[in-house]
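The chain contents come next:
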Amino acid sequence: MSFPGNGRQVDVLEDISLTIPRDQFVSVVGRSGCGKSTLLRIISNLIAPSRGNVRINGMSSEDYQRRRKFGFVFQEACLFPWKTALQNVELPLEIMGMKSTSKRRERARELLGLVRLDGFEDHYPAQLSGGMRQRVAIARALSYEPEFLLMDEPFGALDDFTRREMHDELINIWKSRSLTVLFVTHSLSEALYLSDQIVVMAPRPGRIRAVVPVIEPRVADPAIRASANYARQIQQLETLLHEQ
Ligand SMILES: Nc1ncnc2c1ncn2[C@@H]1O[C@H](COP(=O)(O)OP(=O)(O)OP(=O)(O)O)[C@@H](O)[C@H]1O
């Protein structure tokens, strides 16, 4: 992927070859500016690559997007401030053509329940905490039952405690449906906790330095952090990230 720069083109991603297994949770880590968000935007057909292509279940990303199989969650929840939590989750269903208001509401309520926001349906975004707003964004992303959820630093703005709560909620959601997740983060511990595999990117131009399988993903016991496997994996990832 190249972008036009000041008089010359800037190569942002080079030689990217990546396979994301269906139903896996895969994270992408790398230094700031190495092209993580650009990679996500290409995969989800928000921008077209200068060269190369993306195939998802044999489909182009354009076709996949047309069938509304992607879900997105960004760092900022990006909710409509003048709509309630319920209305924010309902909106994609309305846009998709679900005519029955009662069916839309029922579905939106169900999704807000899934992210543990029962009782907050009529709250406006300004009346919710950052973690709650992010939960509404996740419920909204799940509203049209995506198969492939793309998350760009979704918990970056949250405090540690809320972040951990969100991790467990996300894992429960991921386990309860057939969902493939591609998750961009700056946090190695977050990537190690959530993922089956971690894609480590190198900067300028952005390349894939390694794809590291996680030895013991999603172990809730905090004692895991004291284990030899965990320490070895953190060290391996740190080394890969800092290699020149
Ligand atoms: N539309 C664009 N036009 C020109 N350059 C762009 C454009 N989008 C991204 N870039 C450049 O591509 C590079 C990669 O940006 P990208 O946002 O993908 O990195 P990132 O790894 O997600 O960064 P961060 O971790 O800081 O969010 C940056 O140098 C950025 O300036």
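Since we're looking at a predicted model, the values are computed, not measured. (Residues numbered from 1 in each chain as written. Predicted model: local features only at pLDDT ≥ 70, side-chain atom pairs only at ≥ 80, totals over all residues.)

**With respect to the overall build of the protein chain**
The helix and strand tally for the protein chain stands at eight helices and ten strands. Computed over its C-alpha atoms, the radius of gyration of the protein chain comes to 19 Å, within 12% of the 18 Å expected for a compact globule of 244 residues. Seen along its three principal axes, the alpha-carbon backbone of the protein chain occupies a region of about 55 × 50 × 35 Å. Long-range pairs, those at least 24 residues apart, make up 67% of the contacts in the protein chain with a sequence separation of at least 6. (Helix = DSSP H or I, 4+ residues; strand = E, 2+ residues; numbered from the N terminus. Rg over C-alpha atoms; globule rule 2.2 N^0.38 Å. Contact = placed C-beta atoms within 7 Å.)

**Describing helix H5 (residues 130-142)**
Given a rise of 1.5 Å per residue, 13 residues ought to cover 18 Å, and the 19 Å separating the end C-alpha atoms of H5 matches this to within 8%. Buried residues of H5: Arg-133, Gln-134, Arg-135, Val-136, Ala-137, Ile-138, Ala-139, Arg-140, Ala-141 and Leu-142, and no others. Residues of H5 that are buried in the fold lie against strand S6 (70-73), helix H3 (85-95), helix H4 (101-114), strand S7 (148-152) and helix H6 (160-176). (Expected span 1.5 Å × (residues − 1). Buried ≥ 20, exposed ≤ 12 C-beta atoms within 10 Å, placed from the backbone.)

**Let's talk about the domain arrangement of the protein chain**
Split into domains, the protein chain comes out as domain 1 (2-69 + 147-242) and domain 2 (78-145). Centre-to-centre separation of domain 1 and domain 2, based on C-alpha positions: 25 Å. Taken together, the contacts link eleven residues of domain 1 with ten residues of domain 2. For the side of domain 1 that touches domain 2, the element with the most residues is H6, which contributes five residues. Split by residue class, the side of domain 1 that touches domain 2 holds seven nonpolar, one polar and three charged. (Domains from an automatic or database assignment. Nonpolar A, V, L, I, M, F, W, Y, C, P; charged D, E, K, R; others polar.)

**Examining the sheet that holds S7**
Taken in spatial order, the six strands line up as S6-S7-S8-S3-S9-S10 in an open sheet, and their pairing is mixed. The strands lining the two open edges of the sheet, one partner per strand, are S6 and strand S10 (207-213). Taken pair by pair, the neighbouring strands of this sheet meet at an average axis angle of 20°, ignoring direction. As paired elements, S7 and strand S8 (residues 180-184) share five bridges and run parallel to each other. Within the sheet, the bridge partner assigned to Leu-149 lies in S8 and is Val-181. (Pairing = 2+ DSSP bridges. Axes fitted to C-alpha atoms, helices over the stretch in contact; angles between N-to-C directions.)

**Focus on the site of the ligand**
In the neighbourhood of the ligand, the contacting residues comprise Phe-3, Val-10, Val-12, Gly-30, Ser-32, Gly-33, Cys-34, Gly-35, Lys-36, Ser-37 and Thr-38. Element by element, the count of residues in the shell around the ligand is highest for helix H1 (residues 36-43), at three residues. A breakdown of the residues in the shell around the ligand according to their chemical character gives four nonpolar, six polar and one charged. (Near = placed C-beta within 6 Å.)

**Brief notes about the nonpolar core**
If you look at the biggest cluster of nonpolar residues, it comprises 52 residues, and the most contacted ones within it are Val-89, Leu-112, Val-136, Ala-139, Leu-150, Val-181 and Leu-182. Viewed by domain, this core spans two of them, domain 1 (2-69 + 147-242) and domain 2 (78-145), each represented by three or more residues. Contact partners of Val-89, with chain neighbours within four places excluded, come to Ala-108, Leu-111, Leu-112, Val-136, Ala-139, Arg-140 and Ser-143. (Core = buried A, V, L, I, M, F, W, Y, C linked by C-beta atoms within 7 Å.)

**Points about the packing of H3 against H5**
In contact at an axis separation of 8 Å, H3 and H5 are set at 25° when each is read in the N-to-C sense. Of the possible angle classes, the one that applies to H3 and H5 is roughly parallel. In the packing of H3 onto H5, the handedness of the crossing is right-handed. On H5, the residues that touch Ala-85, Asn-88, Val-89 and Pro-92 of H3 are Val-136, Ala-139 and Arg-140. (Parallel < 35°, antiparallel > 145°, perpendicular 65-115°, else oblique. Left-handed = near helix turned anticlockwise from the far one by under 90°.)

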